[in-house]
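So the chains spell out like this:
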Amino acid sequence: MPDILSFLEIVAGILLLFGGGELFVSGSVALSLLLGIPQIVIGLTVVSMGTSAPELFVSLLSTLQGGAAGDSIAVSNIVGSNIFNVMVVLGASAAITSLRVKSRLVRRDVPLLLAVSMATWGMASTGRLTWVAGLALLTALAINLVWEIRSAKEDQAEGADDLDADGAAPMPVALFKLAAGLALLVVGSQVLVKGAITAAQALGVSETVIGLTIVSAGTSMPELVTSLVAAYRGKADLAIGNVVGSNLLNQLVILGLCALVSGQDGLAVDPVMLSRDFPVMVLTTLACLPIFWSGGVINRLEGWLLLGGYGLYLIEQVLSSTAAPGADLFRLFVLVAVVPLVLVFLIWSSLRWKQQRKLA
């Protein structure tokens, strides 16, 4: 049966992407440690680039295949992955242990991510991400890389104590891991995209919903595993930097490249995503500022709140795709009850932290 076969293809694709991402990240970290780069910079650049590789291959392949289905998978994969990274990856990491936040994340990286997310939403609001938008995103990437290299020199002394030999490996071994990981990523992305599109057609579900849920969760597995392991080992810099860096690269690199190669027509963006999923992506990024700022620590309660928020987001996806009669009532409950409670909690956390600072 086609639905069973497509399900097996999705599972096989996710497993291949998981293995490829693990090898790619391991090789990337080994090379970075040999070069003596601080962990926060590794997390924001090399590790985040490695863990974003599945999203890159899946979205780029979907774009090159062309058609409305390919565009839907490409865009929804990125938006869904960014939402998954903040709510699940960061939330699960904080649920394991409280994560201390570096001040540069609040001063530089999260505001930058918020600005890029809002700009991407704005450029997509016409219903298409054109090659001009792709060029703008890639230009912003080049500027950010120059900025990152310059700030890395300033962070060198600060992050020197963070370095260890956990990921150290000889150069040939590191290069082999990179090559093997790349090969698995290529094959895994092809299998996953084929299975996802077939499953959407067989189940009568839109490619957008499949991309926002199954595909985005599958391609985000490397981020989840990397951040969970980093949190367990007490490396909060890697855990948080991986999430923020991945979300930034997902938009600047992956959406930028997909829009650039999409041709004259550009990438088609589902109107439902513009009214629901892009705002959720921006709001989850915005929520990071008070969470990171209040005490400079993401505590376990905040981690569970993020996980609970993703659960509500999944329920909304299911209700919308099945046209369930209780969908409007659920949205009203979230808007009237859940959102105000979360806002009150964030304001209370920030005020309590400011009061503690005055008493200290």
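A. Layout of the overall build of the protein. If you tally the helices and strands in the protein, you get 13 helices and four strands. Buried residues in the protein amount to 51% of all 360 residues. Looking at the protein alone, contacts between residues at least 24 apart form 87% of all its contacts between residues at least 6 apart. Accessible surface, the protein: about 15800 Å² in total, of which carbon and sulfur atoms supply 72%.

B. Inspection of the environment of Phe 345 at higher detail. By secondary structure assignment, the location of Phe 345 is in helix α13 (residues 327–359). In sequence terms Phe 345 and Glu 302 are 43 residues apart; their C-alpha atoms lie 9.3 Å from each other. Look past the residues within four positions of Phe 345 in its chain and what remains in contact with it is Leu 301, Glu 302 and Leu 305.

C. Broad picture of the packing of helix α8 (residues 207–219) against helix α9 (residues 221–232). Running from N to C, α8 and α9 point in directions that differ by 50°, and their axes come no closer than 4 Å. It follows from the interaxial angle that α8 and α9 lie oblique. In this structure, α8 uses Ala 217, Gly 218 and Thr 219 to contact α9, whose residues at the interface are Met 221, Pro 222 and Glu 223. For the contact of α8 with α9, a count of residues per class yields three nonpolar, two polar and one charged.

D. Here's a closer look at the nonpolar core. Counting 60 residues, the largest nonpolar core has Leu 90, Ile 240, Phe 278, Phe 292 and Ile 298 as the members making the most contacts within it. Looking at this core, the element that brings in the most residues is helix α10 (residues 236–261), giving 14 residues. Among the nonpolar cores identified, the runner-up in size contains 17 residues, and Ile 73, Leu 185, Val 193 and Val 215 belong to it.

Parameters at a glance
Residues numbered from 1 in each chain as written. Predicted model: local features only at pLDDT ≥ 70, side-chain atom pairs only at ≥ 80, totals over all residues. Heavy atoms only, no water. Helix = DSSP H or I, 4+ residues; strand = E, 2+ residues; numbered from the N terminus. Buried < 20%, exposed > 50% of the residue type's maximum accessible area, 1.4 Å probe, protein only. Contact = heavy atoms within 4.5 Å. Areas by Shrake-Rupley, 256 points an atom, 1.4 Å probe, with all protein chains shown as cover. Axes fitted to C-alpha atoms, helices over the stretch in contact; angles between N-to-C directions. Parallel < 35°, antiparallel > 145°, perpendicular 65-115°, else oblique. Nonpolar A, V, L, I, M, F, W, Y, C, P; charged D, E, K, R; others polar. Core = buried A, V, L, I, M, F, W, Y, C linked by side-chain atoms within 4.5 Å.

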